[in-house]
Amino acid sequence: MRRVALALVVVVLLAGCLSPGGAYHGATGQADPPVDTLGWEAGYWYDEPIDVTTGDGLNDSELDAVVARTMARVERIRGLEFETTVDVEVISRVELRERWGRGRPARVHDWRDQVWEGLFVVDERTNASRARGEVFGRSVVGFYAPAQDRIVLVSDDPDAAAVDRATLAHELVHALQDQHLALGFGRTTMDGRAGANGLVEGDANYVMHRYEDRCAAAWDCLERPPRGAGGSDAANRGLFVAVFAPYSDGPTLVAALRERGGWTAVNRAYRDPPASSEQVVHPERYPDDEPTNVTVADRSGPQWAPFAPTDRRRPAEVVGEVGVFTMLWANGVVPESALQSDDPLSPYDYAAPASEGWEGDALVPYRSGDRFGYVFRTTWERPADAREFRAAYVEVLRTNGARERADGVYRIPEGEPYADAFRVVRNGTTVTVVNAPTVAALDRVHDPRDATGSRDHHPFRR
């Protein structure tokens, strides 16, 4: 394990690494500045060569030099000065997976499982937390441990402390964010976090892209180590696509903000970050197009009830436009090729006709002993958007083996990964999905009539 003092804070980076190791040697004739200044850190200017050999990993002094020069370069691009220091260590991916598994006992089927099952991303036979842990264990190349005030870089070479220059640059941006900008957004829903993370991770990845551009054109840079397993090779590609959205579409949001008002506009956005993933996927909708708050009245019958609230459970999850897109893509309703983007800042494109009109949603898990269900309600900009989503959702059901039992009622047979009953109805701009173990249990999870006798839908209105 290698450690060095430096100033940085990072959340989590899911990014690629490529190229073999190499070496640079050189010295600079520039004088050190009388006071700390942008583009200079710990005796290194942003544009001077450093004497390190990367093929066998970095020793402590080499890592010091690499970190100092990278800090100077990130300062130069981002226009913010580093102020404090934290420890950095480099660990192998094997050690990362060991750490990730510590203190994470297997859980029974619960609230989070219902959310991901409701998106047809994690099936009934799989524990959602384990699946997410596998995705992160294969994909994470760096993270910050705030309790230890330490950054951890992950090397895919178990025998050498290999440092990827792009990962280090990305994480150094998080240091500047933590030191100069507010990061405690207090978001609790999946979509709220995706919106805020689109700004945070988009900022870091945007700077990383500019860093790489300068490595290609003007700066002497360390070659990047070869990439190990991870990224889109993750065991559950749907989960990976969902969690990668802020890293992919966030840079285009930051680029749009810079066009509006330079780094000042980016810094100002931290006071009121995007409220939804929709505002990250479609930067033109930030900040004015706020999501609609969707509610689901509890109409459950005897023995059925929403999950009891805890510190980690909320009455409802909001999956957002990215969650809806992921569901459609992971089940083949949005073609595989539609995910790919031509934008050099954004490798993936999260916009699709059946998810673009999203205005808001709420997914409420229910339980009755060891049986589970949910109500998933979405609202859309126009009735036509709601119709398009309903048709796409029914296609998801059919892809997973569902057959229609009655108007708007479907059943996926036993033995299939998502074996359950579903009621799918549209009323104007709202689509309501009710899930239960059997067709008979649908009304017990969510009675279609409210206390006044009004229905969620008209029987033949789709």
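Worth saying up front: this structure is predicted, and the values here are computed from it rather than measured.

Cut-offs applied
- Residues numbered from 1 in each chain as written.
- Predicted model: local features only at pLDDT ≥ 70, side-chain atom pairs only at ≥ 80, totals over all residues.
- Heavy atoms only, no water.
- Axes fitted to C-alpha atoms, helices over the stretch in contact; angles between N-to-C directions.
- Helix = DSSP H or I, 4+ residues; strand = E, 2+ residues; numbered from the N terminus.
- Parallel < 35°, antiparallel > 145°, perpendicular 65-115°, else oblique.
- Left-handed = near helix turned anticlockwise from the far one by under 90°.
- Contact = heavy atoms within 4.5 Å.
- Nonpolar A, V, L, I, M, F, W, Y, C, P; charged D, E, K, R; others polar.
- Buried < 20%, exposed > 50% of the residue type's maximum accessible area, 1.4 Å probe, protein only.
- Lys, Arg positive; Asp, Glu negative; His and termini not counted.
- Salt bridge = Lys/Arg side-chain N within 4 Å of Asp/Glu carboxyl O.
- Polar contact = N/O pair within 3.5 Å; in protein donor to acceptor, adjacent residues only side chain to side chain.
- Disulfide = S-S within 2.5 Å.
- Pairing = 2+ DSSP bridges.
- Core = buried A, V, L, I, M, F, W, Y, C linked by side-chain atoms within 4.5 Å.
- Patch = residues over 30% accessible without salt bridge, like charges linked within 9 Å, V, L, I, M, F, W, Y side chains within 5 Å.
- Areas by Shrake-Rupley, 256 points an atom, 1.4 Å probe, with all protein chains shown as cover.
- Charge placed at Lys NZ, Arg CZ, Asp CG, Glu CD.

Draft legend 1. Highlighting the packing of helix 7 (residues 237–269) against helix 9 (residues 320–330). Two numbers describe how helix 7 lies on helix 9: the axes approach to 9 Å, and their chain directions differ by 150°. In terms of orientation, helix 7 lies roughly antiparallel with respect to helix 9. Regarding helix 7 and helix 9, the two cross each other, and that crossing is right-handed. Contact residues: Arg237, Gly238, Val241, Ala242 and Ala245 in helix 7; Val322, Thr326, Trp329 and Ala330 in helix 9. By residue class, the composition of the contact of helix 7 with helix 9 is six nonpolar, two polar and one charged.

Draft legend 2. Quick peek at unusual backbone geometry. Note the cis peptide between Tyr286 and Pro287, where omega equals 5°. Although it is not a glycine, Ala42 sits at a positive phi angle of roughly 50°. Among the structural elements, Ala42 can be located in the loop between strand 4 (40–41) and strand 5 (44–45). The backbone of Gln303 sits at a positive phi, close to 75°, despite the residue not being glycine. Checked against the element boundaries, Gln303 lands in the loop between helix 8 (278–281) and strand 10 (305–306). A relative accessible area of 69% places Gln303 in the exposed class.

Draft legend 3. Spatial organisation of the side chain of Arg426. Take Arg426: it is sitting in strand 15 (residues 421–427). Within the buried set, Arg426 has no salt-bridge partner at all; the shortest N-O distance to an opposite charge, 10 Å, is to Asp385. Polar side-chain contacts of Arg426 include one of 2.7 Å to the backbone oxygen of Gly428.

Draft legend 4. How the structure looks around the state of the cysteines. Under the counting rule described, the total for this entry stands at one disulfide. Disulfide partner of Cys215: Cys221, at an S-S distance of 2.0 Å. When the S-S torsion is -85°, as for the bridge of Cys215 with Cys221, the disulfide is left-handed. Its relative accessible area of 12% is what places Cys215 among the buried residues.

Draft legend 5. Seen up close, the sheet that holds strand 10. One open sheet holds the seven strands; their spatial order is 10-11-12-16-15-14-13, and the pairing between them is antiparallel. Strands at the two margins of the open sheet, each flanked by one partner only, are strand 10 and strand 13 (403–406). As defined by bridge partners, strand 15 adjoins strand 16 (residues 430–436) across seven bridges and the pair is classed as antiparallel. Across the sheet, residue Ala421 finds its bridge partner in strand 16, namely Ala436. Strands in contact with helix 3 (residues 111–118) are strand 11 (358–368), strand 12 (371–380) and strand 16; relative to strand 11, the strand with the most contacts, it is inclined by about 130°.

Draft legend 6. Structural detail: the nonpolar core. Among the nonpolar cores identified, the biggest contains 62 residues, and Phe120 and Tyr393 are the most heavily contacted of them. Looking at this core, the element that brings in the most residues is helix 7, giving eight residues. Each residue touching Tyr393, except ones within four places of it in the same chain, is listed here: Phe120, Met327, Tyr374, Phe422, Val424 and Val433.

Draft legend 7. Structural detail: the pattern of salt bridges. Evaluation of the coordinates by the stated rule reveals 13 salt bridges. Asp203 is paired through a salt bridge with Arg78; the nearest N and O atoms lie 3.0 Å apart. Highlighted residues: Asp203 in helix 6 (residues 190–217) and Arg78 in helix 1 (residues 60–78), separated in sequence by 125 residues. For Asp203, a relative accessible area of 0% puts it in the buried group. On the basis of relative accessible area, Arg78 is assigned to the buried category, the value being 2%. When salt bridges that share partners are traced, they join Asp164, Arg165, Glu212 and Arg224 into one network.

Draft legend 8. Structural view of a negative patch on the surface. A surface patch of like charges, here negative, comprises Asp342, Asp343, Asp349, Glu356 and Glu388. Here Asp349 shows up in the loop between helix 9 and strand 11. Looking at Asp349, the relative accessible area reads 31%, which means it is partly exposed.

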